[in-house]
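Notes for the structure review
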Amino acid sequence: MADGARSLRGGGGGGSPASSPVLGGRGRTAAGGSSPPGHAFRRVTLTKPTFCHYCTDFIWGLAGYQCEVCNFMSHEKCLKNVKIPCSCIAPSLVRVPVAHCFGPPGLYKRKFCAVCRKSLESPAFRCEVCELHVHTDCILFACSDCRQCHQDGHLDHDTYHHHWREGNLSSSARCEFCKKTCGSSEVLSGMRCEWCGILAHAACCVIVPPECTFGRLRNMILPPSCVQLFSRNFSKLHCFRISENLQTESDEDDDVDGSTQGSTKDIQISTDSSKQTLKIFDGNDAVKRNQFRLISVPRIAKNEEVVEAALRAYYINDDQQEYELQTFTQQVLLSDDVINRNDAAEDSNLGSVFRESVPEAWIIRAKPKDEEVIRIYPAWLKVGMAYVSLRVNKDSTVQSVIKEVLPLLGRQTECLQNFKLVEVLMGSKQVQRMVLDNQEPILNRLKDIRKTSIRQMNQTRFYIVENSKSIVQVNLFVGGLPPQLSPEEYTNILKEELAIKTNVVSVSHVYQAQGAVVLQISCFSEAERIYMLVKDTVVNDKPLNAVVIPAVMASKIPQNCCPLLVFVNPKSGGLKGRDLLYSFRKLLNPHQVFELTNGGPLPGFHTFSKVPSFRVLVCGGDGTVGWVLGALEEIRHKLVCSEPSVAILPLGTGNDLGRVLRWGAGYSGEDPYSILVSVDEADDVLMDRWTILLDAEEPAEGAENGIAEPEPPKIVQMNNYCGLGIDAELSLDFHHAREEEPGKFNSRFHNKGVYVKVGLQKISHTRNLHKDIKLQVDQHEVELPSIEGLIFINIPSWGSGADLWGSESDNRFEKPRIDDGLLEVVGVTGVVHMGQVQSGFRSGIRIAQGSYFRVTLLKPIPVQVDGEPWIQAPGQIIISAAGPKVHMLKKSKQKQKKTGSLKEMKVDSTSVSEGGRKGETCVHAYGRYHPGPGKQSADKS
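Fair warning: this is a prediction, and the values are worked out from it, not measured in the lab.

**A look at the pairing of strand β32 (residues 690-696)**
- Counted residue by residue, β32 has five buried out of seven residues, so it is predominantly covered.
- Bridge analysis of β32 against strand β45 (residues 875-881) gives seven bridges, and the strand direction is antiparallel. Note that in β45 the partner of Asp695 across the bridge is Gln876.
- As defined by bridge partners, β32 adjoins strand β35 (residues 714-718) across five bridges and the pair is classed as antiparallel.

**Digging into the side chain of Glu194**
- Its place among the elements puts Glu194 in the loop between β8 (191-193) and β9 (199-200).
- At 3.5 Å, the side chain of Glu194 and the side chain of Arg165 are in polar contact.
- Among all residues touching Glu194, those that are not within four sequence positions of it are Cys130, Glu131, Arg147, His163, Arg165 and Lys586.

**Notes on the packing of helix α12 (residues 576-587) against helix α16 (residues 672-681)**
- Contact pair α12 / α16: the axes reach a minimum separation of 10 Å and the direction vectors enclose 65 degrees. It follows that α12 is roughly perpendicular to α16 by the angle criterion. Of the two possible hands of crossing, α12 and α16 adopt the one that is right-handed. Note on element contacts: α16 touches α12 through Pro672, Tyr673 and Leu676, opposite Leu580, Ser583, Phe584 and Leu587.
- Per-class residue counts for the contact of α12 with α16 are six nonpolar, one polar and no charged.

**Some details on the sheet that holds strand β13 (residues 323-327)**
- The sheet built from four strands is open, its strands ordered β12-β11-β14-β13 with mixed pairing. The two strands at the open ends of the sheet, each matched to only one other strand, are β12 (293-298) and β13. Each neighbouring strand pair of the sheet contributes to a mean axis angle of 40 degrees, computed without reference to strand direction.
- Contacts from helix α4 (residues 303-313) reach β11 (275-281), β12, β13 and β14 (360-366), with the element oriented near 150 degrees to β12.

**A few points about the packing of aromatic side chains**
- Applying the stated criterion across every chain, the model contains 18 aromatic pairs.
- Ring geometry for Phe102 and Phe125: centres 6.2 Å apart, planes at 70 degrees, overall edge-to-face. Separated by 23 residues along the polypeptide, Phe102 in the loop between β4 (73-74) and β5 (124-126) and Phe125 in strand β5 bring together distant segments of the chain.
- Seen from their ring centres, Phe141 and Tyr315 are 5.1 Å apart, and the 50 degrees between their planes marks the pair as tilted. Taken together, the residues Phe141 in the loop between β6 (133-135) and β7 (164-166) and Tyr315 in the loop between α4 and β13 connect sequence positions 174 residues apart.
- Classification of Phe141 as buried rests on a relative accessible area of 8%.
- A relative accessible area of 5% places Tyr315 in the buried class.
- Grouped by ring-pair contacts, the aromatic residues Phe51, Phe58 and Trp60 constitute a single cluster.
- When the ring centre of Phe594 is taken as origin, the NZ or CZ atom of Arg241, which lies over that ring, is 4.1 Å away.
- Directly above the aromatic system of Tyr377 lies the positively charged group of Arg461, at a separation of 4.3 Å from the ring centroid.

**So, the sheet that holds strand β25 (residues 545-549)**
- Taking strand neighbours across the sheet as the criterion, the four strands line up as β21-β22-β20-β25 in an open arrangement whose pairing is antiparallel. One side of each edge strand has no neighbouring strand; the edge strands of this open sheet are β21 (505-511) and β25. Within the sheet, the average angular offset between the axes of one strand and its neighbour, ignoring direction, is 25 degrees.
- Where strand β20 (residues 474-479) meets strand β22 (residues 516-521), five bridges bridge the pair, whose relative direction is antiparallel. Paired with Phe477 across the bridge in β22 is Val518.

**Describing the pattern of salt bridges**
- A full pass over the atoms with the stated rule returns 28 salt bridges.
- In this structure, the salt-bridge partner of Glu466 is Arg411, at a minimum N-O distance of 3.6 Å. Pair noted here: Glu466 is in strand β19 (residues 460-466) and Arg411 is in the loop between α7 (398-408) and β17 (419-426), with a separation of 55 residues, a long-range link.
- For Arg411, a relative accessible area of 15% corresponds to the buried category.
- Sharing partners across several salt bridges, the network here consists of Arg126, Glu128, Arg578, Arg585 and Glu595.

**Section: α12**
- With twelve residues, α12 extends 16 Å from end C-alpha to end C-alpha; this agrees with the ideal 16 Å at 1.5 Å per step.
- In terms of residue burial, α12 counts as a mostly covered element, since nine of its twelve residues are buried.
- All of the buried residues along α12 are Gly577, Leu580, Leu581, Tyr582, Ser583, Phe584, Arg585, Lys586 and Leu587.

**Some thoughts on a nonpolar patch on the surface**
- Judged by side-chain polarity, Phe177, Val206 and Ile207 come together as a nonpolar surface patch covering roughly 290 Å² of accessible area.
- Its location among the elements puts Val206 in the loop between β9 and β10 (227-228).

**Describing the environment of Ile635**
- Mapped onto the elements of the fold, Ile635 is located in helix α14 (residues 622-635).
- On a C-alpha basis, the gap between Ile635 and Ser609 in space is 9.1 Å, while along the polypeptide they are 26 residues apart.
- For Ile635, the contacting residues outside a window of four places in its chain are Tyr511, Leu602, Phe605 and His606.

**With respect to the pairing of β17**
- With seven of eight residues buried, β17 lies mostly within the body of the structure.
- In terms of strand pairing, β17 meets β19 through seven bridges, oriented antiparallel. Opposite Phe419, over in β19, you have Glu466 as the bridge partner.
- Relative to strand β18 (residues 431-435), β17 runs antiparallel, the two being bridged by five bridges.

**Quick word on α7**
- All of the buried residues in α7 are Val398, Val401, Ile402, Val405 and Leu406. Down the axis of α7, the smallest arc covering the buried residues is 130 degrees, so these residues share one side.
- Against the buried residues of α7 lie β15 (371-377), β16 (385-393), β17, α8 (442-452) and β19.

**Quick look at the confidence of the model for the chain**
- In this model, the chain carries an average pLDDT of 80, and 78% of its residues clear a pLDDT of 70 or more.
- When pLDDT is averaged over each element of the chain, strand β27 (residues 564-568) comes out on top at 96 and helix α20 (residues 901-925) at the bottom at 35.

Calculation notes
- Starting afresh in each chain, residues are numbered from 1 along the sequence in its written order.
- Selection of residues for local features in this predicted model requires a pLDDT of at least 70, selection of side-chain atom pairs for listing and counting requires 80 or more, and totals for whole chains, interfaces and linings are taken over all residues.
- With hydrogens and water set aside, each side-chain value is computed from the structure's full complement of heavy atoms.
- Summary of the burial criterion: residues with accessible area below 20% of their type's maximum are buried, those above 50% are exposed, and those between are partly exposed, where the area comes from a 1.4 Å probe applied to protein chains only.
- Numbering of helices and strands runs from the N terminus; a helix is a DSSP stretch of H or I covering at least four residues, while a strand is a stretch of E covering at least two.
- Paired strands, in this sense, are two strands between which DSSP finds at least two bridges.
- We define a polar contact as two N or O atoms separated by no more than 3.5 Å, with the added condition that, inside protein, one atom must be a possible hydrogen donor and the other a possible acceptor, whereas residues neighbouring each other in sequence contribute only through side-chain atom pairs.
- For this analysis, residues touch if any pair of their heavy atoms sits within 4.5 Å.
- To obtain an axis, a line is fitted to C-alpha atoms, over the contacting stretch when the element is a helix, and the angle between two such axes runs from 0 to 180 degrees between their N-to-C directions.
- Comment on the angle field: the value is read as roughly parallel under 35 degrees, roughly antiparallel over 145, roughly perpendicular from 65 to 115, and oblique elsewhere.
- Two helices cross in a left-handed way if the nearer one is turned anticlockwise from the farther one by less than a right angle. They cross in a right-handed way if the turn is clockwise.
- In the scheme used here, Gly and all other residues not listed as nonpolar or charged are polar, with Ala, Val, Leu, Ile, Met, Phe, Trp, Tyr, Cys and Pro taken as nonpolar and Asp, Glu, Lys and Arg as charged.
- Aromatic pairing here means that ring centres of Phe, Tyr or Trp (its six-membered ring) are within 6.5 Å. Orientation follows from the plane angle: under 30 degrees is stacked, over 60 is edge-to-face, and everything else is tilted.
- Placement of a charge over a ring requires the Lys NZ or Arg CZ to be within 6 Å of the ring centre, with the centre-to-atom vector within 35 degrees of the ring normal.
- We count a salt bridge whenever a side-chain nitrogen from Lys or Arg sits within 4 Å of a carboxyl oxygen from Asp or Glu.
- Working rule for helices: expected span equals 1.5 Å times residues minus one.
- Patch rule: a residue counts if its relative accessible area is over 30% and it has no salt bridge; like charges are joined within 9 Å, and nonpolar side chains (Val, Leu, Ile, Met, Phe, Trp, Tyr) within 5 Å.
- All accessible areas in this document rest on Shrake-Rupley with a 1.4 Å probe, and a residue is counted as covered only by the protein chains that are shown.
- It is the directions from the helix axis to the C-beta atoms whose arc is reported.
- A score from 0 to 100, pLDDT tells how confident the predictor is in each residue.

Below, the structure written as structure tokens:
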């Protein structure tokens, strides 16, 4: 019979849906008061400086109150106000179970564990999506309460509530409501919504309206309700495209450190000779994995006290009368049926656990019951209540449970065959779902779970779900294929190399120029098989790569929302790229943040191909920016938003384009939130891009019939500048040095030092470049002065911020702009001249300004385009405008004075737009060729 239905209550940081029993029925509280949610407080003597976890103030005196389970410390006066639930009941308060995405273990200073509330003094885990930090031995007890960043066909809804995370705030953090300090560097305290970033005390956040509007960045965040991803068989690292090596490291450390660190931490409390240390296993799964917890109890402790301590070690708040300790031998365990619920490989030797006589090993078991009360969650039916309680006995089956639950949900008229009971294990790393057979006795199922692990029983729920045919659709991006093939040819390659099943796999998109396809897979197991097989597949000596990509439902994106597509090159800027990846995943939706070393920019542009309006942020050097802009140009015709504006976060060495657009000389640790705000407030400007055609006249080797044929022309894109001669030669030497020892080139300071070194080696070098090349500008021949380097510049910054063109006014030339449709041609006389330009003492030799250039090379000459150098064979180089101008984002200036600030902004925007139109008109009216000093046009000569 039913025990009654309970109405829906709060989220992970709110109150409990029902009254929480005190641990073991023996919780200790202050002055006869009632225990706060799930805690078991007892009065303790303080032996070191201690702070209250509620008010963050120092606890004066020698006495305080500590929860025996989660180590929550409190003043006596604060006990009645504690709202933070204990870790033992936290799983029952999770509204939507979402697994965490743990990266590799690391050292995190001034951070605290979300489970045991102690500081992270040793390597610990951090979720790559939210702010959760846990010890290696606490990770199994962490709640599956990560942010829900996409719809997966289970708990789909369009209204989002605040997602509160406790603690690890800066000591200067202030509550949004009472304006008092809510952060602390001494304890885990304060609450933060991981979507909108609002800060509050635990007592203040309960008065906040539950709906979250995503805060200041709402227009840049891709709403989770607009993203769909079927990810049952994929880990969270795969879903969010996080580097594969992170998964390997974390899994290995998990297996090794899961028991070792916990053992060491608990052994420290058992140095007293009057106490003994016991190994406690919580079920057969823990025995098989050799994962135990150590407890310290008096040598003359009663059985009830030992059971209570064992339950505390596993964060269980049930009555200790329902459990018992069993001792065992190796022979008994070997003959027992050890159930591995997580399907993990058996990697530990059972005998090694019991070789020592001390400490003794025990296993805690739940006593068998003839009947008990279980909770059935109907959240997927959206009926407005958290769960219903139902009393079951040995005769109760899954079908009888469904029959009794439906009337309590107002579904008594519906057919039983339309519903199923789903068992959900809410693990911290993975949420596992299993449909139960209708004839299975429910008590037997509970007994099996408890026999496997009482911890897993505490993290297991039963959901009643409607039977419906869910359409599985996994999108897999596969790159590294040969370019310029037909869809049929790509399908044949995939059949041959990956043995794809065409009845469940289809090619939905083909990117011929890039050699990539998008597979649409309607079977989870086939998607996982293909994903794992691609890693070890090579086609034409080139390894394939696979990326799981979500589907963005553009029709659900709000009208005023312009999501930000973020590309990060983790190899740029030393380790800063990896830190930015984590920060942007935390501040935005992780599905809009892409790591360029994992498939390049194409997966990101494909994901956003149906988004009507979006912006792009590129985190990397000028080469990375050129890479992304080139990919955008190639895929532009397939985007609904064909001209997204691009912002830059400079992580490279020179960062000339970032300087011109006011994003700075390089990233030096600025607050990522402030960077996103600056991107949101940035101004949209246009920038020219140029196409460089390289047509070598040397014959290609190995020509058929002995007849020499020229090499096919090559085309490259230019954004910043193109250099010939000494400038490119220095870049080439630097490039070779970096290829020899790439590990040393991880800082801007070292990179510039290498540039100086190779420059000094060329200081006495004489090339006489003007004798080896011929220049034609807008169909006019130009006589070159005596120079060692010729540079075509599109932006007023060269070589890490130097003004090569100079600021002096000259009536023969227009003032350079990045959107005037013109390139400036400048010469340098050698390394010394380049050093003087870098120092600001001189500028380059102005040669010409135009929109179409032809350079004839009479001998092999070093050439570099946007920092990428090579040796170019004799032949022709043609430089011309590359189609439409690209939209860039220029960082707004600091706030002007209040008087006339708005007026000045309007004047600036008007002049920019008029200037752009004027420049374009002049280019069409006449070629814009201006001969400089010492040069004559062909007509005048």
